[in-house]
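Residue-level structural notes
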Amino acid sequence: MNYENILLEIKNHTALITINRPDKLNALNGQTINELEEVFESIKHNSEIFIVLITGSGEKAFVAGADIAELNKLDIMSAKEFSEKGNRVFRAIETLDKPVIAAVNGFALGGGCELALACHIRFASENAKFGQPEVNLGIIPGYGGTQRLARLINSARALEMILTGDMISAEEALRIGLVNKVFPQADLIIKTLDLAEKISSKGQQAIRFALKAVKATDNISLTEGLAYEASLFALVCGTEDFKEGTIAFLEKRKPAFKNR
Ligand code: COA
């Protein structure tokens, strides 16, 4: 499939998506959001892809937000559609049954910060900057920022970012748990690919069940979560990978997972 604003490379069971509008700092216009929806729909059904990475083109920006030229034209009705569409696409990313890792290589502002928040793991380069600057434009985050940021870093810290519109550095993002790890920019993609390779080497059914179980904590109580974990644990013990993983350990060899 050909995309106008994203690049897709598939190699070693890993799909690398690059948001590719560098002259607009990879701002998410309607076309890019549509393409993200399409690419994630195709990845969902591609059993050869185990892991997804998202980054931005160039050295300056991951994604500098929704496209402000398009935002400027919104009225009440179209704004609701705009926000619901973005939320649907980002929710599809968040609920994908394969790990999605953001490699944040520069500005992650507004919709860019929200895109990173919808991913399961966030790696960043030292020059990355995070922010929800919507109040500077007289609006509020509309692609899930108020909800995911508050859940990830706590509501007081989220409110400080959202109410001031200030950017924070990668170092600060690391300190408050907004990103998992920070690397020099030249190493970011290599380190992210290393992580993808490590996860790809495991039994993918276990990876999928683990992802499902952990992501369930977004919606359910501890009691329900423990019951859910027990059910998934039971199911995963019915897989060939479980037999192979445990036998390989006992036979002191590397497991040869089938990944079906
Ligand atoms: N939407 C549309 N275009 C954007 C954009 C966005 N969110 N962010 C950057 N661009 C465009 C600029 O308009 C400029 O285009 P031009 O060369 O045609 O004039 C180009 O990208 C480069 O950006 P510029 O502002 O010149 O770079 P800078 O290094 O001076 O500043 C930022 C970088 C990120 C601080 C600044 O671009 C910015 O504040 N962007 C908007 C961030 C934002 O508010 N995002 C949330 C939207 S809800």
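Higher on the page you've got the structure.
A short tour of the structure in this document, coming up.

1. A closer look at the sheet that holds strand β4 (residues 61–63)
- One open sheet holds the four strands; their spatial order is β4-β6-β8-β9, and the pairing between them is mixed. Because the sheet does not close on itself, it has two edges, and the strands there are β4 and β9 (168–169).
- Pairing between strand β6 (residues 107–109) and strand β8 (residues 129–131): three bridges, direction parallel. Directly across from phenylalanine 107, in β8, lies its bridge partner lysine 129.

2. Remarks on the side chain of glutamine 132
- Residue placement: glutamine 132 occurs in the loop between β8 and α5 (145–153).
- In this structure the side chain of glutamine 132 is engaged in a polar contact, spanning 3.1 Å, whose partner is the side chain of glutamate 134.
- The residues touching glutamine 132, leaving out its near neighbours within four places in the chain, are Gly110, Cys113, Glu114, Leu117, Pro141, Gly145, Leu149, Met161, Ile162 and Gly165.

3. A short note on the sheet that holds strand β10 (residues 181–183)
- Spatially, β1-β2-β3-β5-β7-β10 is the arrangement adopted by the six strands of the open sheet, whose pairing is mixed. Each having just a single partner strand, β1 (6–11) and β10 make up the two edges of the open sheet. Ignoring strand direction, the axes of neighbouring strands in this sheet form an average angle of 20°.
- Strand direction decides the pairing type here: strand β2 (residues 14–19) and strand β3 (residues 51–56), joined by six bridges, are parallel. Within β3, the position partnered with threonine 18 by the bridge is threonine 55.

4. Focus on the environment of isoleucine 140
- Residue position: isoleucine 140 is located in the loop between β8 and α5.
- Here isoleucine 140 falls in the exposed class, since its relative accessible area comes to 61%.
- Spatially, the C-alpha atom of isoleucine 140 lies 34 Å from that of methionine 1, the residues being 139 residues apart in sequence.

5. Quick word on α5
- The complete set of buried residues in α5 reads Gly145, Arg148, Leu149 and Ile153. What you see down the axis of α5 is that its buried residues fit within an arc of 100°, all on one side.
- Directly after α5, the chain includes asparagine 154, whose backbone phi takes a positive value near 90°.

6. Describing the pairing of β3
- When you tally the buried positions in β3, you get six out of six residues, the bulk of the element.
- Burial along β3 is two-sided: the face carrying Ile51, Leu53 and Thr55 and the face carrying Val52, Ile54 and Gly56 are both buried.
- Viewed along the sheet, the connection from β2 through helix α1 (residues 30–44) into β3 turns out right-handed.
- Across three bridges, β3 lies against strand β5 (residues 100–104) in parallel orientation. Note on β5: the bridge partner recorded for isoleucine 54 is alanine 102.

7. Section: the site of the ligand
- Taken together, 18 residues form the shell around the ligand, and within it Lys24, Lys60, Ala64, Ala66 and Ile68 come nearest.
- Aspartate 23 is positioned with one of its backbone polar atoms (N or O) 3.4 Å from an oxygen atom of the ligand.
- Listed by contribution, the elements that provide at least two residues to the shell around the ligand are α2 (68–71) and β6.
- Looking at the shell around the ligand, its residues break down into eleven nonpolar, two polar and five charged.

Analysis parameters
- Residues numbered from 1 in each chain as written.
- Predicted model: local features only at pLDDT ≥ 70, side-chain atom pairs only at ≥ 80, totals over all residues.
- Heavy atoms only, no water.
- Pairing = 2+ DSSP bridges.
- Helix = DSSP H or I, 4+ residues; strand = E, 2+ residues; numbered from the N terminus.
- Polar contact = N/O pair within 3.5 Å; in protein donor to acceptor, adjacent residues only side chain to side chain.
- Contact = heavy atoms within 4.5 Å.
- Axes fitted to C-alpha atoms, helices over the stretch in contact; angles between N-to-C directions.
- Buried < 20%, exposed > 50% of the residue type's maximum accessible area, 1.4 Å probe, protein only.
- Arc of directions from axis to C-beta.
- Right-handed = clockwise from strand over helix to strand, strands pointing away.
- Near = heavy atom within 4 Å.
- Nonpolar A, V, L, I, M, F, W, Y, C, P; charged D, E, K, R; others polar.

From the geometry alone we can't say anything about function, so treat these as descriptive.
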